[in-house]
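Structural features, examined
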Amino acid sequence: DGKKMVTFKDIMGETVKVSQEEIHEVAAQAIDSIVSNVAQKIIELNGNSPVSAVFVVGGGGKMPGFTEKLAVKLNLPEKRFHSCDTDWNLSGIL
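Further remarks concern the environment of Lys3. Position of Lys3 relative to the elements: it lies in the segment before strand E1 (5-9). With 16 residues separating them along the chain, Lys3 and Ser19 place their C-alpha atoms 6.3 Å apart. In contact with Lys3, not counting residues within four places along its chain, are Ser19 and Glu21.

The first and last C-alpha atoms of helix H1 (residues 20-45) sit 35 Å apart over 26 residues, in line with the 38 Å expected at 1.5 Å per residue. Of all the bends found along H1, the most pronounced is centred on Ala28 and spans about 35°. Turning to H1, its buried residues number three or more, namely Ile31, Val35, Ala39 and Ile42. Summarising the contacts, the buried residues of H1 are in contact with strand E3 (54-57) and helix H2 (66-74). Positioned one or two residues after H1, Gly47 has a phi angle of 70°, which is positive.

On to the side chain of Ser19, then. Within the secondary structure, Ser19 is located in strand E2 (residues 15-19). When its relative accessible area of 9% is taken as the criterion, Ser19 is described as buried. A polar contact is formed between the side chain of Ser19 and the backbone nitrogen of Glu22, at a distance of 3.0 Å. Residue contacts for Ser19: discarding those within four places in its chain leaves Lys3, Lys4 and Met5.

Cut-off values and rules
- Residues numbered from 1 in each chain as written.
- Predicted model: local features only at pLDDT ≥ 70, side-chain atom pairs only at ≥ 80, totals over all residues.
- Heavy atoms only, no water.
- Helix = DSSP H or I, 4+ residues; strand = E, 2+ residues; numbered from the N terminus.
- Contact = heavy atoms within 4.5 Å.
- Expected span 1.5 Å × (residues − 1).
- Bend = angle between axes of the 7 residues up to and from the residue.
- Buried < 20%, exposed > 50% of the residue type's maximum accessible area, 1.4 Å probe, protein only.
- Polar contact = N/O pair within 3.5 Å; in protein donor to acceptor, adjacent residues only side chain to side chain.

Below, the structure written as structure tokens:
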């Protein structure tokens, strides 16, 4: 049927096979909730003022649709978002 399947082992060690589409559907609700909370916190930490750009750090920002939905919530064009690699070399800084 053309659906891309994902195979993994669950917590009990059983092999589970589901479609990538099904994973995205289940994750979409959680992503929406996370995006709402993140947008609210960004505005709060910015003194309840709009922001002009966002740096997204960490695995959550790699969730499908995360930055697009956050851009809508913050009323920013997607080009004002930058995904950061968390493998920064912080020696000499910390």
